[in-house]
Amino acid sequence: MERIPVYQPRLTGNIQRYVNECLSSGWISSRGEFISRFENAFAEYVGASAAASVSNGTVALHLVLEALGIGPGDEVIVPSFTYIASVNTILQTGATPVFVDSLEETLQVDPQSIAAAITPRTKAVMVVHLYGHPCDMDAVTRLCEEHRLLLVEDCAEAFGTRWKGRHVGTFGDAATFSFFGNKTITTGEGGMVLARDDSVMERCRRLKSQGVSPVREYWHDMLAFNYRMTNIQAAIGLSQIEMAAEILRDKLQLAQRYRDGLQGLPLRTHDPVGDVTHSYWMCSVILDDPKERDSLRQHLAENGIETRPFFPPAHLMPHCRAEVDLPVAENIGSRGINLPSFPDLVEEQISRICDAIKSFYR
Ligand SMILES: *Cc1c(COP(=O)(O)O)cnc(C)c1O
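Student: Would you take a moment to explain the pairing of strand β9 (residues 191-195) for this structure?
Tutor: Taken residue by residue, a regular strand's side chains alternate between the two faces of the sheet. Burial analysis of β9 places five of its five residues in the buried class, which makes it a mostly covered element. Residue alternation in β9 divides its side chains into two sets, G191, V193 and A195 and M192 and L194, and both sets are buried. Here strand β8 (residues 174-178) pairs with β9 via five bridges, running antiparallel. Note that in β9 the partner of S178 across the bridge is G191.

Right, here's the structure in full:
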């Protein structure tokens, strides 16, 4: 029986040619022509004026929080139902994450829960477009404007995701993307940063490269990091951007196949709500009965089908535990499964996955 993984990157197109150009030219480190070519192509794809590449999606978050001046004494509102990097990077700045709840239907942060969590110490809101569906950006941007809060968008799972036609990452003061091996476009490890103000973007560029003075060699006038991407990563990224429209098209078709193939079962697929483009980083199912979640995953594993559970809520984790009541985050965290979601899944594999799920319920 052939094993079907949860994810597998599509590594065709110009990838070999571009990587070989890095090798034959000798530009394998964080200088070289592919860095700016990838940054420019990425910015153009999402409709931003500029983009700065970094070594992964976690440091991308840390970098923008630092560039926005978030630190000790500040509170940053973040959904508990997210990947842990969103929370850890807030903690790494010295600020306090304030956990809020999510919406049952979209799985995205609940704007009313954000409103209820605002205090005089709130400095920023971090929204996370989870599994490829956008957050309600009308409500979120309105709240941030009303209360003069900074807005950070964690778009690690949302390349290709749009809210009312506009790409996510272009609504906030800053935004970040991840190009980990299982993300919609990948560079192996890698990330990207967007910022609304040129001054914030300039700070990101300085902070990611040791804070070196632009006019004096080896002169460093700020505490900074080495968060740079390599030319090889950027070469891979450029080839991925060239194929992005096809990758997204194939993932959308896959999601539609799951939706059709899983009808009439005691579960739902994660469908788009409203005027949005869901990019389906992950094709998820949310079970009616959380008690069946682990046994369904076990059943699929026995059929050679790899899955992932939804993220457990961050407010329950030992290092960032908070005594808060977030019923939706706790509930959906225990009911979700991510199915194989890569763009090269073929019809026969999709049928096998749907049949295995149906056989569990029979
Ligand atoms: C993947 C991911 C990150 C971190 O990205 P890395 O490139 O793995 O460091 C951050 N936030 C979310 C929501 C993610 O899914």
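Student: Can you help me understand the sheet that holds strand β6 (residues 162-163) in this one?
Tutor: Paired through their backbone hydrogen bonds, the strands of a sheet run either parallel or antiparallel. Read across the open sheet, the three strands follow the order β7-β6-β11; overall the sheet is antiparallel. If you trace the sheet from one side to the other, it starts and ends with β7 (166-167) and β11 (276-277), each paired once. Across two bridges, β6 lies against β7 in antiparallel orientation. Directly across from R162, in β7, lies its bridge partner H167.

Student: Explain the site of the ligand here, please?
Tutor: In the vicinity of the ligand, the residues found are N56, G57, T58, Y83, A85, V128, D154, A156, E157, S178, K183 and G190. Within the contact set of the ligand, an oxygen atom lies 2.5 Å away from a side-chain nitrogen or oxygen of T58. In this structure, D154 approaches the ligand through a side-chain N or O atom, which is 2.8 Å from a nitrogen atom. Burial of the ligand by the protein amounts to 93% of the accessible area it has alone, namely 380 Å².

Student: Explanation requested: the packing of helix α3 (residues 57-67) against helix α7 (residues 198-207) in the structure shown.
Tutor: A pair of packed helices can be characterised by two numbers: the angle between their axes and the separation between those axes. Taken N-terminus to C-terminus, the directions of α3 and α7 make an angle of 125°; their axes are 9 Å apart at the nearest point. Regarding the angle of α3 to α7, the classification is oblique. Classified by chirality, the crossing of α7 by α3 is right-handed. Residues L63, V64, E66 and A67 of α3 form the contact with α7, whose participating residues are V200, R203, C204 and L207. Considered class by class, the residues forming the contact of α3 with α7 number six nonpolar, no polar and two charged.

Student: Mind showing me how you'd approach the nonpolar core here?
Tutor: For soluble globular proteins, nonpolar side chains are generally found buried alongside one another. If you look at the biggest cluster of nonpolar residues, it comprises 71 residues, and the most contacted ones within it are F81, Y131, Y258 and L262. Among the elements that make up this core, the one with the highest residue count is α3 (seven residues). Residue contacts for Y131: discarding those within four places in its chain leaves F81, L107, E157, H270, H278, Y280, W281, M282, S284, F310, F311 and N338. A51, F159, I241 and I247 belong to the second-largest nonpolar core, a separate cluster that totals 29 residues.

Student: What's the story with the environment of R352 in this structure? I'm lost.
Tutor: Here R352 is to be found in helix α12 (residues 347-361). Here R352 falls in the partly exposed class, since its relative accessible area comes to 25%. Along the chain, R352 and N303 lie 49 residues apart, while their C-alpha atoms are 8.9 Å from each other. When neighbours within four sequence positions are excluded, R352 is seen to be in contact with M1, E2, I4, N303, G304 and I305.

Student: Quick question: what am I supposed to make of the packing of aromatic side chains here?
Tutor: Centre distance and the angle of the planes are the two values used to describe a pair of aromatic rings. With the rule as written, the count across this model stands at 17 aromatic pairs. Three or more aromatic residues joined by ring pairs make a cluster, and in this case those are F38, F42, Y45, F159, F177 and F179. In this structure, K183 packs its charged tip against the face of W281, placed 5.3 Å from the ring centre. Residue placement shows R216 over the ring face of W219; its charged tip is 3.8 Å from the ring centre.

Student: Would you mind going over the sheet that holds strand β10 (residues 267-269) with me for this structure?
Tutor: Across the sheet, four strands lie side by side as β10-β12-β14-β13; this open sheet has antiparallel pairing. Looking at the sheet topology across the chains shown, the edges are occupied by β10 and β13 (308-309). Pairing between β13 and strand β14 (residues 336-339): two bridges, direction antiparallel. Bridge assignment links R308 to a residue of β14, and that residue is N338. Contacts between helix α10 (residues 293-302) and the sheet are confined to β12 (283-287), β13 and β14, with β14 contributing the most and set at about 20° to the helix.

Student: Where do I start with the pattern of salt bridges in this structure?
Tutor: Pairs may arise between side chains of opposite charge once their charged atoms sit close together. For the coordinates displayed, the defined rule picks out 21 salt bridges. Its salt-bridge partner being R335, residue E104 comes within 3.3 Å of it at the nearest N-O pair. Linking E104 in the loop between β3 (96-100) and α5 (111-117) with R335 in the loop between α11 (327-333) and β14, this pair joins segments that are 231 residues apart in sequence. The partner of D289 in a salt bridge is K291, with the nearest N and O atoms 3.7 Å apart.

Student: I'm lost on helix α1 (residues 15-25) in this one. Help?
Tutor: One turn of the α-helix equals 3.6 residues, which is why residues spaced by three or four share an orientation. Taken together, the buried positions of α1 are I15, Y18, V19 and C22. The arc enclosing the buried residues of α1, seen along the axis, measures out at 95°, which places them on a common side. In α1, the exposed residues that point more than 90 degrees away from the buried face are Q16 and S24. With its phi angle positive at about 90°, G26 sits one or two positions after the end of α1.

Student: Which parts of the structure should I look at to understand α10?
Tutor: Where α10 is concerned, the buried positions are R293, L296, H299 and L300. For α10, the buried positions fall inside an angular range of 125° around the axis, keeping them on one side. Exposed residues lying more than 90 degrees from the buried face of α10 are D294 and E302. Packing partners of the buried residues in α10 comprise β12, β13, α11, β14 and α12. Once α10 finishes, G304 follows within two positions and takes phi at roughly 75°, a positive value.

Scoring rules and cut-offs
Numbering of residues starts from 1 in each chain and follows the order in which that chain's sequence is written. For a predicted model such as this one, the threshold for reporting local features is a pLDDT of at least 70, and the threshold for listing and counting side-chain atom pairs is 80 or more; totals across whole chains, interfaces and linings nevertheless cover every residue. Think of the side-chain values as coming from all heavy atoms in the structure, minus any hydrogens and water. Three labels apply to residues, based on accessible area from a 1.4 Å probe with only protein chains included: buried if under 20% of the type maximum, exposed if over 50%, partly exposed otherwise in between. Helix and strand definitions follow DSSP, with helices as H or I runs of at least four residues and strands as E runs of at least two, each counted in order from the N terminus. We treat two strands as partners when DSSP finds at least two bridges between them. Residue proximity to a molecule or strand is established when one non-hydrogen atom of the residue lies within 4 Å of it. Any pair of nitrogen or oxygen atoms within 3.5 Å is treated as a polar contact; in protein, a donor-acceptor pairing is required on top of that, and neighbouring residues in sequence qualify only through side-chain atoms on both sides. With residues, only the protein chains shown are counted as cover, and all accessible areas are computed by Shrake-Rupley using a 1.4 Å probe. For every element, the axis is a line fit to its C-alpha atoms; helices are fit only across the contacting stretch, and the angle between N-to-C directions ranges from 0 to 180 degrees. Note on terminology: angles under 35 degrees are roughly parallel, angles over 145 are roughly antiparallel, angles of 65 to 115 are roughly perpendicular, and the others are oblique. By convention, the crossing between two helices is left-handed when the near helix turns anticlockwise from the far helix through less than a right angle, and right-handed when the turn is clockwise. Two residues qualify as a contact provided that any one of their heavy atoms is within 4.5 Å of a heavy atom in the partner residue. Charged means Asp, Glu, Lys or Arg here, nonpolar means Ala, Val, Leu, Ile, Met, Phe, Trp, Tyr, Cys or Pro, and polar covers whatever is left, Gly included. As used here, the term nonpolar core means buried Ala, Val, Leu, Ile, Met, Phe, Trp, Tyr and Cys residues forming a set that is joined through side-chain atoms within 4.5 Å. Pairing of aromatic rings covers Phe, Tyr and Trp, the last through its six-membered ring, and needs centres within 6.5 Å; plane angles under 30 degrees mean stacked, over 60 mean edge-to-face, and all others mean tilted. For a Lys NZ or an Arg CZ to count as sitting over a ring, it must be within 6 Å of the ring centre and within 35 degrees of the ring normal. Salt bridges are defined as contacts in which a side-chain nitrogen from Lys or Arg sits within 4 Å of a carboxyl oxygen from Asp or Glu. Working note: the arc is built from the helix axis to C-beta atom directions.

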